[in-house]
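The residues making up each chain are set out below.
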Amino acid sequence: MTGRKLIMDFPVTATSHLLADYVARGGYETLKRVLTALKPEDVTKEVTASGVLGHGGAAFPVGRKWAVVKLDDGQPHYLCANADEGEPGTFKDRWILEHAPHLLLESMLITCYALQVRNCFVYIRGEFDRPYRRLQAAVEEAYAAGWFGENILGTDFACDIVVYRGAGSYVCGEASALITSIEGRKGYPRNRPPRLTVRGLYQKPTVINNVETLSNVAIIMRMGAEAFRKFGVAKSPGTQLVSISGHVNKPGVYEVEYGYPLARFIYEDCGGVLGGKQLKCIVPGGISTKVLTAADIEGVTYDHKAMERAGSQVGSGGMVVIAEGTCMVRLLQVMLRFYHHESCGQCTPCREGMGWMHRIIDRIVEGAGRPEDIDTLVRISNANDGTTICGMGDAAGYATVGIIAKYRDEFEYYIANKRSKCGGRLEVEAGEPVHA
Amino acid sequence: MPDFFINGQPVHAERGQTVLQAALAAGFYIPYFCWHPNLSVAGNCRVCVVEVEGEGGGGSWSDIACNMPVTEGMRVLTDSEPVREQRKQILQFILLNHPVDCGVCDKAGECMLQDHHYAYNGEPSVSTVPKVRATKYFQLSDRIVLDNERCIVCSRCVRFTREVSGSHGLGIQHRGDHSLVRAAEDGAFNTDPYSDNVVDICPVGALLSKRFLHKARVWYLQPTPSVCPGCARGCTVNLWHRKHEWKLNHLDPKQNTEIARVTPLANPAVNGPWICNKGRDLAALFERPRAEQALLKGRPVALGEAFAAARRLIDDAGRPVALVSSWGSNEELAAFKRLLGSRFSCFVKSDQRPAPGEVVEDDILIRADKNPNTATAKQLFGEAPVAFPDGADLVLVWGEGFDFTQLPRGARVIYLNAYLAPENGHADVFVPISIQTERGGHYTNFDGHTGSFERLFAPKPTVAHAEDVFAKLATTVEVA
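1. A closer look at the overall build of chain B
Consideration 1: Counting its regular elements, chain B contains 12 helices and 22 strands.
Consideration 2: Its C-alpha atoms put chain B at 90 × 50 × 45 Å along the principal axes.
Consideration 3: In chain B, buried positions account for 44% of the 480 residues.
Consideration 4: For chain B, contacts bridging at least 24 residues in sequence account for 65% of all contacts bridging at least 6.

Structure follows, in structure tokens:
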């Protein structure tokens, strides 16, 4: 067990994602109570008091984001659920969309009530097929049951939802690119200021939260902020859905309570490294976070402060386990190919830098590397740090700097000997698992 | 009251101004590519980065000036060491895949990338990997070719078609370093009557005018301010022609008296920084075959002989009528009024009408009246349409656009025209006159703004200025 559960607290069955099962689990009761007994400000106050952080990667306090939206500004507000889960290694929101879509919908209704939103959106990535069908079916169920539309529960509260499918761009998971995409334009991120909570979708105040973040709202309102804070640790209340993949015996989505020991999670709960190999490193939260070696994770608990102290981040919860014998040069090549492919091309450092880094790493892998290439990669990464419109330039830089800082010797070896220090493989041959 | 500080100096900023606007207004230099005063902020070139000194012990931070609102008391550094370093890095990025083919690029000499490169980088490309190849000489429209290798994807041209011309004719295809500016649909950019402005606003040599392609190096050219006579808007323009010190005596002397290109001369009251495509093609308008010989019923004569014959006709006429040109300058129209206005019944004539296929009028710049000075002409000679009174026995036609079959039966004709036309030989007296590029003057546009044009080229000695012609034809001695 990986600590107490908040989201994955029910057995998954063939019907557990349907409205009837959700209502039987006590679903939509919280919404009823919120709509009939609470004022919008009370909801925001409760969510702020819970201290819940964004689960999309940046860990921004939800209450602070919501507080920017002024209820009496006379403008329409919008809410978007960010289900464009494109960070490599991350597939946790998919679990919610597939198995608990009504939890998301109830949470969004509560959030819409808190922020006085008339129209809300779910931006779901185009490659998600079953999640999309399940979510769309859930929306139709919810409409039929009167949870969306006019006069919900006989009150004045009205809310409509649109599920919008993306077309496969990684950058559209960035909040401002996401709303630009919803507006029907090319998914380019926008410059800040203005913040999206001031001028977002259709130039109106817009709150964009990750699917998992929003799903926590109904839970917080059901149990109260105080009870919620009892989960996790002081600075990171609650739980995190972790999608673990790579060279691991039991990959999948796990709900991990913040503060749970990271090594125990990997070695015991997830069955340890594939093929009985030693752990080389992990990518802790999507490939944009810095890697942590086996030594780094000893004694580290899985929460934001501890992960930062260890030199990385919780990120998006997309954990990738990398076994001993994996070539880090090849790994970086795969990462940089992804960033090059996904750079939107709007601003100069990322547009030119990603391709440059990709061409350099390709050349190293081909055996034509030069000793100064390693420093060039670091220099390009640093030149992207904080100079781009969105965070993608920084993210690619973190990944590169993180890997080079810890495995510089592998790069030097590859350049000097024109071959990998570790056999050049990314795959591990499966053998007997270490833990029976 | 100083609102904030740039490099330690107090600077006043208007409400809502960004740091870049306030800094440029106060005379500070901040480089930029994608920012343009008349377009929205894109913030994608990242070269206008500035440093903001931290307050209360906080560390300094840097961000782009074009999207940074001025806040009271903020302390901005435009030329600190970190700023120079960041700009150098941005320029290295930009030059990474730029072909640096300045030697064959029309933009060389007025290229923002050249300027900023020498100001902040000045070093050869740091990349050792092959450059990304892209299309060259891509036909973006009938008038414009695009070199995608030179393009720095600043999106100025795209924003122009969305925010100024409204054609939405351009967009960016693909992403990353494969981004390509393309017409939204095939031929979508052909129908934009303002398309050539994107050539001016392109900060590099990516968008090129086919008319000007490889015609001249810009440092051999000089601009002369002028007024576009294409319609009643009267946009102020620069007519570019070969500098006197670079004139070609033997190789191709015709180039010395040709208009190489036309660019807008920013004038917020009239046309802003834009002109339409018709204005770009003024050379074709001015460089039609010229009439250079005075004629009496088709017989070549000297100018003086033609003047004498014309004066006799005027002296003998019972009811002379004059059709005044709406292409005359304010000075010429005033001279006609003063010297001949009392002798003739005067009507204002429309010299040019919309050509087939031309955009007649829109709500941006183009006006339906295709003459530059109808306003002054009508003010001096009235609004009445051309109507010959009974017994009209002499018609003085000044300029083009009059159908000679409409002449009253038996009337004699004095014709003043600058261009070769069949009518020239039919007139009783024909006098060739100079055109706008051969004299200075003023036009007043439809809403009362007066623009001045200057002389570019000397007229042929066999050609007269209209103003001089009127003085010669005046039957009474001018009273000062």
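2. Things to note about the domain arrangement of chain B
Consideration 1: When the domains of chain B are assigned, the result is domain 1 (4–120) and domain 2 (294–473).
Consideration 2: Here the C-alpha centre of domain 2 of chain B lies 52 Å away from the C-alpha centre of domain 1 of chain B.

3. Concerning the confidence of the model for chain B
Consideration 1: For chain B, mean pLDDT is 93; residues scoring 70 or higher make up 98% of the total.
Consideration 2: Across the interface, the model reports ipTM at 0.91; the global pTM reads 0.93.

4. Some words on the nonpolar core
Consideration 1: In this structure, Cys80 and Ile282 of chain A together with Cys48 of chain B are the most contacted members of the largest nonpolar core, which totals 215 residues.
Consideration 2: In terms of residue count, the dominant contributor to this core is helix α6 (residues 101–115) of chain A (10 residues).
Consideration 3: The contact partners of Ile282 of chain A, leaving out residues within four places of it in the chain, are Ile266, Val291, Leu292, Ile297, Met319, Val320, Val321 and Ile322 of chain A.
Consideration 4: One finds Ala310, Val348, Ile414 and Val463 of chain B within the second-largest nonpolar core, a separate group that totals 41 residues.

5. Some words on the domain arrangement of chain A
All names here are of chain A.
Consideration 1: What the domain assignment reports for chain A is domain 1 (19–229), domain 2 (239–323) and domain 3 (328–417).
Consideration 2: Summarising the inter-unit geometry, the C-alpha centres of domain 1 and domain 2 are found 27 Å apart.
Consideration 3: Listed per partner, the contact involves 13 residues of domain 1 and 19 residues of domain 2.
Consideration 4: When its residues are assigned to classes, the side of domain 1 that touches domain 2 shows five nonpolar, five polar and three charged.

6. Let's talk about the packing of helix α15 (residues 373–384) of chain A against helix α16 (residues 392–417) of chain A
Residue and element names in this part refer to chain A.
Consideration 1: At a minimum axis separation of 9 Å, α15 and α16 run at an interaxial angle of 170°. In terms of orientation, α15 lies roughly antiparallel with respect to α16. Contacts between α15 and α16 involve Asp373, Ile374, Leu377, Val378, Ser381, Asn382 and Asn384 from the first element and Gly393, Asp394, Ala396, Gly397, Thr400, Val401, Ile404, Arg408, Phe411, Glu412 and Ile415 from the second.
Consideration 2: Classifying every residue of the contact of α15 with α16 by side-chain character gives eight nonpolar, six polar and four charged.

7. Section: the sheet that holds strand β12 (residues 236–242) of chain B
Strand pairing in a sheet is mediated by backbone hydrogen bonds. Such pairs are either parallel or antiparallel.
Residues and elements named next belong to chain B.
Consideration 1: A sheet is described by the order of its strands in space; here three strands give the open sequence β11-β12-β13, paired in antiparallel fashion. Since the sheet does not close on itself, it has two edges, and those belong to β11 (221–227) and β13 (261–264), each with one partner. Averaged over all adjacent pairs, the angle separating strand axes in this sheet is 30°, with direction ignored.
Consideration 2: Both β11 and β12 contribute to a ladder of seven bridges, which runs antiparallel. Bridge pairing links Val227 to Thr236 in β12.

8. Observations regarding the interface of chain A and chain B
Consideration 1: Listed by partner, the interface residues are 24 residues for chain A and 23 residues for chain B.
Consideration 2: Taken together, the elements giving at least two residues each to the side of chain A that touches chain B come down to α13 (328–342) and α14 (348–366) of chain A.
Consideration 3: By residue number, the principal contributor to the side of chain A that touches chain B is α14 of chain A, which donates 11 residues.

9. A few points about the sheet that holds strand β2 (residues 9–11) of chain B
Residues and elements named next belong to chain B.
Consideration 1: Taken in spatial order, the five strands make up an open sheet running β2-β1-β5-β3-β4, and their pairing is mixed. Looking at which strands have only one partner, the edges of the open sheet turn out to be β2 and β4 (61–64). Adjacent strand axes in the sheet meet at a mean angle of 35°, parallel and antiparallel pairs treated alike.
Consideration 2: As paired elements, strand β3 (residues 49–52) and strand β5 (residues 75–77) share two bridges and run antiparallel to each other.

10. Observations concerning the environment of Lys472 of chain B
Consideration 1: One can find Lys472 of chain B in helix α12 (residues 466–473).
Consideration 2: For the pair Lys472 of chain B and Ala411 of chain B, spaced 61 residues apart in sequence, the C-alpha separation works out to 22 Å.

11. Here we look at the environment of Gly27 of chain A
Consideration 1: Relative to the helices and strands, Gly27 of chain A is located in the loop between α1 (19–24) and α2 (29–37).
Consideration 2: On a C-alpha basis, the gap between Gly27 of chain A and Gly63 of chain A in space is 23 Å, while along the polypeptide they are 36 residues apart.

12. Some points on the pairing of strand β17 (residues 345–349) of chain B
Where a strand is regular, its side chains alternate between the two sheet faces.
All names here are of chain B.
Consideration 1: In this sheet, β17 lies alongside strand β16 (residues 320–325) in parallel orientation, the contact comprising five bridges. Bridge pairing in β17 places Val321 opposite Ser345.
Consideration 2: Assessed by its sense of winding, the connection that carries the chain from β16 through helix α9 (residues 330–340) to β17 is right-handed.

13. Looking at unusual backbone geometry
Consideration 1: With an omega of -10°, the peptide bond between Arg192 of chain A and Pro193 of chain A qualifies as cis.
Consideration 2: The step from Pro193 of chain A to Pro194 of chain A runs through a cis peptide bond, and the omega angle for that step is 0°.
Consideration 3: Tracing the sequence through the fold places Pro194 of chain A in the loop between α8 (175–182) and β4 (206–210).
Consideration 4: Backbone geometry at Lys418 of chain A places phi at a positive 60°, although glycine is not the residue there.
Consideration 5: Looking at where Lys418 of chain A falls in the secondary structure, it is placed in the segment after α16.
Consideration 6: Of note, His168 of chain B is a non-glycine position whose phi angle comes to about 50°, a positive value.
Consideration 7: Following the sequence through the fold, His168 of chain B ends up in the loop between α4 (156–163) and β8 (170–173).
Consideration 8: Overall, the presence of 15 C-beta atoms within 10 Å leaves His168 of chain B in the partly exposed class.

14. Side note on the pairing of β13 of chain B
Residue and element names in this part refer to chain B.
Consideration 1: Burial along β13 is two-sided: Arg261 and Thr263 and Val262 and Pro264, pointing in opposite directions, are all buried.
Consideration 2: With four bridges connecting them, β12 and β13 associate as antiparallel partners. Directly across from Leu239, in β13, lies its bridge partner Val262.

15. Regarding the environment of Arg455 of chain B
Residue and element names in this part refer to chain B.
Consideration 1: Looking at where Arg455 falls in the secondary structure, it is placed in the loop between β22 (450–453) and α12.
Consideration 2: Taking the C-alpha atoms as reference points, Arg455 and Glu258, 197 residues apart in sequence, are found 13 Å from one another.
Consideration 3: When near neighbours in sequence (up to four residues on either side) are disregarded, Arg455 contacts Glu438, Arg439 and Gly440.

16. Topic: α14 of chain A
All names here are of chain A.
Consideration 1: Here α14 contains 19 residues, and its C-alpha end-to-end distance of 27 Å stays within 8% of the 27 Å for a straight helix at 1.5 Å per residue.
Consideration 2: Most of α14 sits inside the fold, with 15 of its 19 residues counted as buried.
Consideration 3: Looking at the residues trailing α14, positive phi occurs at Gly367, about 95°.

What counts, and where the lines are drawn
Residues numbered from 1 in each chain as written. Chains lettered and ligands numbered in written order. Predicted model: local features only at pLDDT ≥ 70, side-chain atom pairs only at ≥ 80, totals over all residues. Helix = DSSP H or I, 4+ residues; strand = E, 2+ residues; numbered from the N terminus. Buried ≥ 20, exposed ≤ 12 C-beta atoms within 10 Å, placed from the backbone. Contact = placed C-beta atoms within 7 Å. Domains from an automatic or database assignment. pLDDT = per-residue confidence, 0-100. Core = buried A, V, L, I, M, F, W, Y, C linked by C-beta atoms within 7 Å. Nonpolar A, V, L, I, M, F, W, Y, C, P; charged D, E, K, R; others polar. Axes fitted to C-alpha atoms, helices over the stretch in contact; angles between N-to-C directions. Parallel < 35°, antiparallel > 145°, perpendicular 65-115°, else oblique. Pairing = 2+ DSSP bridges. Right-handed = clockwise from strand over helix to strand, strands pointing away. Expected span 1.5 Å × (residues − 1).

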